[in-house]
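Residue strings, one per chain:
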Amino acid sequence: MNMLAGKWWKQSLVGSALLLAIVLVIVAIVALAGSTTDMRILMVFLINVIAAISLQTYAGNSGNISFGHVGFMAFGAYGSALFTADPAIKAIGIPNAPAFIREAAIGFLPAMLIGTAVAVVVAAAIGRVFVRLSGAAAAVATLGFMVIIYTLLSNAEELTRGSKAFSGIPEYTTLGWCVALLALTIVVARLLRDSNTGLGLRACADDPIAGQAAGVDILNSRYVMWVASAAGAAIAGALYAHYIGAILPKAFHFELTFVLVTMVIVGGRSITGAVAGAALITILAEVLRRLENGFSIGSINLSEAPGLTTAVLALLIVATLTIRPQGLVSRWEVEELLHRWQFRQKEHASVRAEENHV
Amino acid sequence: MQLALQQFINALSLGSIYALVALGVAILFSILRLANFAHGELMTTAGFTLYMTLASGWNWVLAVIAAIAASVVAALILERVAYRRLRNAQPLTLLMTSFAVSVALQSIFLLTFGARPKGIELPAFVDASFRIGGMRVQWLDIAIILITAAIVFGLTLFLRKTVIGLALRSAADDFQTTRLMGVKANALFVGAFVLSGMLAGIAALFYFATVPNVVPSSGFEPMLKGFIACVIGGLGSLPAAIVGGFLLAFLEVGSDALLSDNFSPYLDAIVFLIAIVILRWRPGGIFGVRLTAEQRV
Amino acid sequence: MATQGAILSIAGLSVSYGTVHAVRQLDMEISEGETVVLLGANGAGKSSTLNAIVGLAPRSGGRLVFAGEDITRKPTEAIIRSGLALVPEGRRLFSNMTVRENLRLGAAALSTVEFDRERQALEDMFPITRRRAHEQAGLLSGGEQQQVAIARALLARPKLLLLDEPSLGLAPIIVNTIFEIIAELKRRKVTILLVEQNAERALSIADRAYVLAQGRLELSGAAGSINATTLEKAYLGEREHA
Ligand SMILES: Nc1ncnc2c1ncn2[C@@H]1O[C@H](COP(=O)(O)OP(=O)(O)OP(=O)(O)O)[C@@H](O)[C@H]1O
Ligand SMILES: [Mg+2]
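Engineer: Got a minute to help me understand the overall build of chain C in this structure?
Structural biologist: Summing up its helical and strand segments, chain C has 9 helices and 10 strands in all. Compactness check: chain C gives a C-alpha radius of gyration of 18 Å against a globular reference of 18 Å for 242 residues, within 12% of the reference. When the backbone C-alpha atoms are referred to their principal axes, chain C occupies close to 50 × 40 × 35 Å. Here the contacts in chain C between residues at least 6 apart in sequence split such that 65% fall between residues at least 24 apart. When the accessible surface of chain C is summed, it comes to about 10,600 Å², and 49% of that surface belongs to carbon and sulfur atoms. Across chain C, the centroid of the 28 positively charged side chains sits 3 Å from that of the 27 negatively charged ones.

What follows is the structure, given as structure tokens:
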């Protein structure tokens with residue numbers, strides 16, 4: 001497709017706009033008709049979408065999964081939280097932190113940029129290891145990375161209050177921030193995906209030998225995607241911290257990893273897939289939660305049974321993967337899906353026309 | 001000197017546990033290309049079985065048998081329910097399924113047993129020790145090392161001398177051709193899962209004898225270490241899994257001995273970091289295993 | 001519909017890999033004791049046919065009857081256990097296992113005692129399997145590997161032996177050895193379906209021949225009735241179809 005269109009980025013922008021438009025319709029509906037709870041779910045959904053698209057930028061292009069991206073989210077969250085929280089609160093919570101952190105009280109955007117920069121530096125430093133691995137080895141190594149970050153966060157008490165919650169984070173995250181940063185994420189992710197780097201990388205994921213024969217530098221291309229996706233994950237982490245107002249290392253562990261990776265895999269191997277996956281998982285989780293509350297009307301209170309939602313969600317995911325292993329939208333982006341649909345409609349129409357003719 | 005010897009025994013004992021976990025993981029991976037993240041939950045199954053049987057006054061021999069049996073049965077159920085339908089699936093799908101299965105099992109444990117740690121009432125002999133010179137050695141460590149050695153020896157014999165053992169080895173090499181020998185694919189899968197479940201059960205016994213309480217997420221840490229052992233050895237090879245397990249244990253005990261106490265909470269992070277550095281230079285593990293992603297069945 | 005004495009009858013067999021139709025509507029029959037050769041240019045669908053017979057290649061149509069039993073829907077291992085054996089293209093020994101271990105797997109359904117008896121019976125015909133029994137199969141030369149692969153297939157005493165290009169990639173003198181082995185098997189009344197590129201030699205040894213082009217049966221008949229000219233025409237037939 002890229003070779004045909006002279007300016008490949010035009011299609012990327014059109015695709016991004018289309019995808020963003022769909023998300024905006026959802027946002028508008030919820031904002032107009034939804035309850036406060038619905039609004040909260042929507043915000044978490046938007047943040048998750050940013051994280052999922054970021055992860056997809058690495059996973060979808062390289063064909064490698066990463067279980068470590070919650071680590072980058074943690075960098076964004078803690079980085080941004082540390083520099084924005086009220087110095088008075090920090091004086092009590094983290095009295096032993098270095099002065100430049102304890103006394104800092106900068107704005108949302110610069111703080112977010114600091115968190116993101118930390119994530120990018122770490123990603124750049126360790127990325128060379130992960131881009132050389134693939135398949136299960138990559139999954140295991142990135143899972144190890146997740147545990148490394150988790151261990152650091154839960155023990156660096158001077159900075160993070162250890163495994164205790166770090167609270168008093170200013171609640172800067174508004175719907176406007178979420179939508180704006182989502183738009184940015186979608187556009188950057190699309191441009192990366194449709195660039196020569198992304199195209200070559202995806203070709204390699206399908207057929208490594210042919211791809212390399214065509215001169216694709218797998219390692220460097222993966223590395224670019226890895227660093228970019230770490231930045232996106234950090235932004236999502238910062239948004240999350242400033243939305244919830246309190247964070248703890250446990251929030252960036254196994255559960256969040258599971259949620260994000262499932263969104264990406266269940267959705268399919270495209271940015272549209274990440275959005276679709278995030279939507280599906282959010283809806284499923286929400287329906288389950290409401291059902292659970294519904295059950296508790298009787299004498300048995302099932303909501304006291306933590307784990308039911310997760311168990312059912314995990315089983316649903318297993319079922320989805322057995323039924324549709326390629327993910328909801330397979331490898332297609334939204335405008336490609338539209339084209340395919342139109343094409344099929346036309347075929348149907350022409351068949352019908354022919355039938356009428358006869 | 002004595003301290004060093006003591007640390008050496010510690011490392012051997014820890015390495016034995018990691019090697020058993022890694023072997024269980026590697027068997028499934030070599031034959032099915034399945035990275036079974038739910039291996040940890042097989043261990044947790046054995047742990048809860050141990051807790052329940054011992055708490056209700058069973059003889060420890062029976063409890064041990066029950067724990068291993070529970071783990072094997074759980075492995076077989078997973079094979080039948082989750083993995084059998086996915087034999088031809090993409091590696092990534094398989095990986096995600098095992099991840100989801102692991103999460104589902106953890107949640108089911110949480111629903112059944114709650115989040116609070118369940119103390120396992122170990123028999124007294126677990127703490128027994130003896131002295132050589134000034135050094136105190138736990139019988140448990142010696143038992144773990146010797147039994148692991150026996151298991152590795154037995155497994156080797158099984159894989160070399162029995163037809164199903166040979167078939168498991170050849171299936172790891174070339175699944176299609178193994179079926180051309182008239183070996184039933186289902187028998188291979190069931191055999192691999194039984195072996196893996198047994199190894200998980202035995203590893204769990206040793207693990208919970210050293211950490212005598214069980215929570216729903218107990219299996220995660222040993223599972224991850226077993227996997228990392230496999231990866232730094234070379235994913236898919238059984239000898240590499242054993243070597244990786246001992247290497248990881250020696251790294252862990254060595255780092256703990258060399259670093260000051262301030263660092264001990266960071267021990268896992270340090271060991272994983274070293275593992276990642278090893279992978280930087282040898283992405284295929286120290287034995288540089290190369291596997292083809294050819295289709296199963 | 002199976003003719004009297006036919007050990008294997010194939011009716012309307014089609015094989016397709018997605019959109020690639022490797023074999024189309026193939027009819028074929030092999031009688032007990034016969035040596036049949038299946039010829040065709042590269043990519044004609046010969047291997048696909050053999051693999052489909054044992055259930056390894058995706059069959060998209062047709063019916064297979066072996067020894068009076070419908071094997072169309074059976075899994076590979078069941079087909080093998082009912083008395084078929086395939087020596088696959090490229091030999092496919094388990095390269096990091098010993099020769100003896102490879103042979104043992106060839107007789108996976110037999111007990112150890114039965115295996116030892118069968119193995120000793122075969123060792124005279126394939127001395128290599130005795131001499132190098134405990135060496136890694138992957139370290140043997142191509143010709144030696146081919147002998148081990150044939151021995152491995154014979155261990156279960158198959159009613160029909162399928163050989164896929166046994167001379168592939170071997171030096172001419174080794175090819176002679178392999179053809180001598182096939183001739184010896186023929187003398188011992190082993191029913192053989194042989195796929196070969198070496199048409200001349202294959203025809204000289206076979207009773208009957210089938211020629212495939214583009215997955216379609218182009219020619220069949222007594223091996224003696226097929227000569228270089230008819231064969232060339234059949235091979236060329238594929239161009240007309242294309
Ligand atoms: N696994 C497969 N997936 C897709 N296409 C295949 C596969 N195996 C074979 N084909 C295709 O099917 C056709 C027939 O292949 P086949 O191997 O049966 O030919 P052949 O007659 O054995 O050729 P050769 O003499 O080269 O061995 C070819 O076009 C080939 O590309
Ligand atoms: Mg062929």
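Past the structure itself, the notes keep going.
Engineer: Can you help me understand the overall build of chain B in this one?
Structural biologist: Looking only at helices and strands, chain B has 11 helices and 4 strands in total. In summary, chain B has a C-alpha radius of gyration of 19 Å against a globular reference of 19 Å for 297 residues, a match within 12%. Taken along the three principal axes of its C-alpha coordinates, chain B extends 60 × 50 × 35 Å. Expressed as a percentage of its 297 residues, the buried residues of chain B come to 56%. Considering only contacts within chain B whose residues lie at least 6 apart along the sequence, 75% involve residues at least 24 apart. A total accessible area of about 11,800 Å² is found for chain B, and carbon and sulfur atoms account for 67% of it. For chain B, the separation between the mean place of its 19 positive charges and that of its 13 negative charges on side chains is 11 Å.

Engineer: Explain the packing of helix α6 (residues 163-173) of chain B against helix α8 (residues 185-210) of chain B here, please?
Structural biologist: The relative placement of two packed helices comes down to the angle between their axes together with the axis-to-axis distance. Residue and element names in this part refer to chain B. Contact geometry of α6 with α8 gives a least axis separation of 10 Å together with a crossing angle of 100°. One finds that α6 runs roughly perpendicular with respect to α8. Contacts between α6 and α8 involve Ile164, Ala167, Leu168 and Ala171 from the former and Ala187, Leu188, Ala192 and Leu195 from the latter. Taken together, the residues of the contact of α6 with α8 sort by class into 8 nonpolar, no polar and no charged.

Engineer: It is not clear to me how the layout of surface pockets should be interpreted in this structure. Could you clarify?
Structural biologist: The rolling of a water-molecule-sized probe over the atoms marks out the regions of remaining empty space. Residues and elements named next belong to chain A. Within this model, the second largest pocket holds a volume of roughly 1,700 Å³. As for the second largest pocket, its lining consists of 48 residues, and the residues nearest its centre are Lys250, Phe254, Glu255, Leu256 and Val259. By residue class, the composition of the lining of the second largest pocket is 28 nonpolar, 13 polar and 7 charged.

Engineer: Explain the interface of chain C and chain B here, please?
Structural biologist: Interfaces are frequently sized by the accessible area removed from exposure as the parts join. Residue-level contacts link 20 residues of chain C with 18 residues of chain B. Contact between chain C and chain B buries roughly 1,900 Å² in total, counting both sides, with carbon and sulfur atoms accounting for 62%. Three residues, Glu77, Phe94 and Leu105 of chain C, lead the burial of chain C against chain B; their summed loss comes to 30% of the area buried on that side. Summed over the shared surface of chain C and chain B, the result is 3 salt bridges. Between Arg92 of chain C and Asp174 of chain B there is a salt bridge, and its shortest N-O distance comes to 2.8 Å. For the pair chain C and chain B, the number of links is 7 residue pairs in polar contact (both at pLDDT 80 or more).

Engineer: Got a minute to help me understand the interface of chain B and chain A in this structure?
Structural biologist: Of the residues lining the interface, 36 residues belong to chain B; the matching set on chain A comes to 42 residues. Both faces considered, chain B and chain A share a buried interface measuring about 3,600 Å² in area, 86% of it formed by carbon and sulfur atoms. At the boundary of chain B with chain A, the tally comes to 0 salt bridges. Taken together, the links from chain B to chain A amount to 3 residue pairs in polar contact (both at pLDDT 80 or more). Among the secondary structure elements, those contributing two or more residues to the side of chain B that touches chain A are α4 (91-113), α9 (220-233) and α11 (267-281) of chain B. For the side of chain B that touches chain A, the per-class residue count stands at 29 nonpolar, 5 polar and 2 charged.

Engineer: What exactly am I supposed to notice about the domain arrangement of chain C here?
Structural biologist: Residue and element names in this part refer to chain C. In terms of domain boundaries, chain C breaks down into domain 1 (6-83 + 158-241) and domain 2 (92-157). Between the C-alpha centres of domain 1 and domain 2 the distance comes to 24 Å. Taken residue by residue, the interface counts 15 residues in domain 1 and 12 residues in domain 2. Of the roughly 1,100 Å² buried at the junction of domain 1 and domain 2 (both faces included), carbon and sulfur atoms supply 79%. Across the contact surface, domain 1 and domain 2 share 1 residue pair in polar contact (both at pLDDT 80 or more). At the level of secondary structure, the elements contributing two or more residues to the side of domain 1 that touches domain 2 comprise β7 (160-164) and α7 (172-187). Take the side of domain 1 that touches domain 2: its biggest share by element is 6 residues, from α7. Looking at side-chain class alone, the side of domain 1 that touches domain 2 contains 9 nonpolar, 1 polar and 5 charged residues.

Engineer: Hey, could you run me through the pattern of salt bridges in this one?
Structural biologist: Side-chain pairs of opposite charge can arise where the charged atoms are in close proximity. Residues and elements named next belong to chain C. Throughout the structure, instances matching the rule amount to 28 salt bridges over all chains. For Lys74, the salt bridge goes to Glu69, with nearest N and O atoms at 2.4 Å. Under the relative-accessibility criterion, Glu69 is labelled partly exposed at 34%. Residue Glu118 pairs with Arg157 through a salt bridge whose shortest N-O separation is 2.9 Å. Of this pair, Glu118 sits in helix α4 (residues 112-123) while Arg157 sits in the loop between α6 (142-154) and β7; the two residues are 39 residues apart in sequence, bridging distant segments of the chain. Judged by its relative accessible area of 58%, Arg157 is exposed. Among the charged side chains, a network of salt bridges with common partners joins Arg100, Asp116, Arg119, Glu123, Asp124 and Arg130.

Engineer: Explain the site of ligand 1 to me, please; I cannot follow it from the model alone.
Structural biologist: Residue and element names in this part refer to chain C. Inspection of the region around ligand 1 gives 13 residues, with Gly43, Lys46, Ser47, Ser48 and Glu89 positioned closest. A distance of 2.9 Å separates an oxygen atom of ligand 1 from a polar atom in the side chain of Asn42. Ser48 places a polar side-chain atom, nitrogen or oxygen, 2.5 Å from an oxygen atom of ligand 1. For ligand 1, whose accessible area on its own is 640 Å², the fraction buried by protein is 61%.

Engineer: Help me understand the coordination of the magnesium ion (ligand 2) in this model?
Structural biologist: Tetrahedral metal sites with four donors have an ideal angle of 109.5 degrees; octahedral sites with six donors have ideal angles of 90 or 180 degrees. All names here are of chain C. Looking at the magnesium ion (ligand 2), the protein donor atoms are Ser47 (OG) and Glu89 (OE), and they sit 1.8 to 2.0 Å from it. Taken as a pair, Ser47 in helix α1 (residues 46-53) and Glu89 in the loop between β6 (84-87) and α3 (99-106) lie far apart in primary sequence, 42 residues in all. Overall, Ser47 belongs to the buried group, its relative accessible area being 19%. The class for Glu89 is partly exposed, based on a relative accessible area of 37%.

Rules used in this analysis
Residues numbered from 1 in each chain as written. Chains lettered and ligands numbered in written order. Predicted model: local features only at pLDDT ≥ 70, side-chain atom pairs only at ≥ 80, totals over all residues. Heavy atoms only, no water. Helix = DSSP H or I, 4+ residues; strand = E, 2+ residues; numbered from the N terminus. Rg over C-alpha atoms; globule rule 2.2 N^0.38 Å. Contact = heavy atoms within 4.5 Å. Areas by Shrake-Rupley, 256 points an atom, 1.4 Å probe, with all protein chains shown as cover. Lys, Arg positive; Asp, Glu negative; His and termini not counted. Charge placed at Lys NZ, Arg CZ, Asp CG, Glu CD. Buried < 20%, exposed > 50% of the residue type's maximum accessible area, 1.4 Å probe, protein only. Axes fitted to C-alpha atoms, helices over the stretch in contact; angles between N-to-C directions. Parallel < 35°, antiparallel > 145°, perpendicular 65-115°, else oblique. Nonpolar A, V, L, I, M, F, W, Y, C, P; charged D, E, K, R; others polar. 1 Å grid on protein atoms, 1.4 Å probe; cavity = no way out; pocket = protein on both sides within 12 Å on 5 of 7 lines; lining within 4 Å. Points joined across faces, edges and corners; volume = space filled by probe spheres on them. Buried area = accessible area lost by both parts, 1.4 Å probe. Salt bridge = Lys/Arg side-chain N within 4 Å of Asp/Glu carboxyl O. Polar contact = N/O pair within 3.5 Å; in protein donor to acceptor, adjacent residues only side chain to side chain. Domains from an automatic or database assignment. Near = heavy atom within 4 Å. Donors = N, O, S within 2.8 Å, 3.2 Å for Na, K, Ca; no water.

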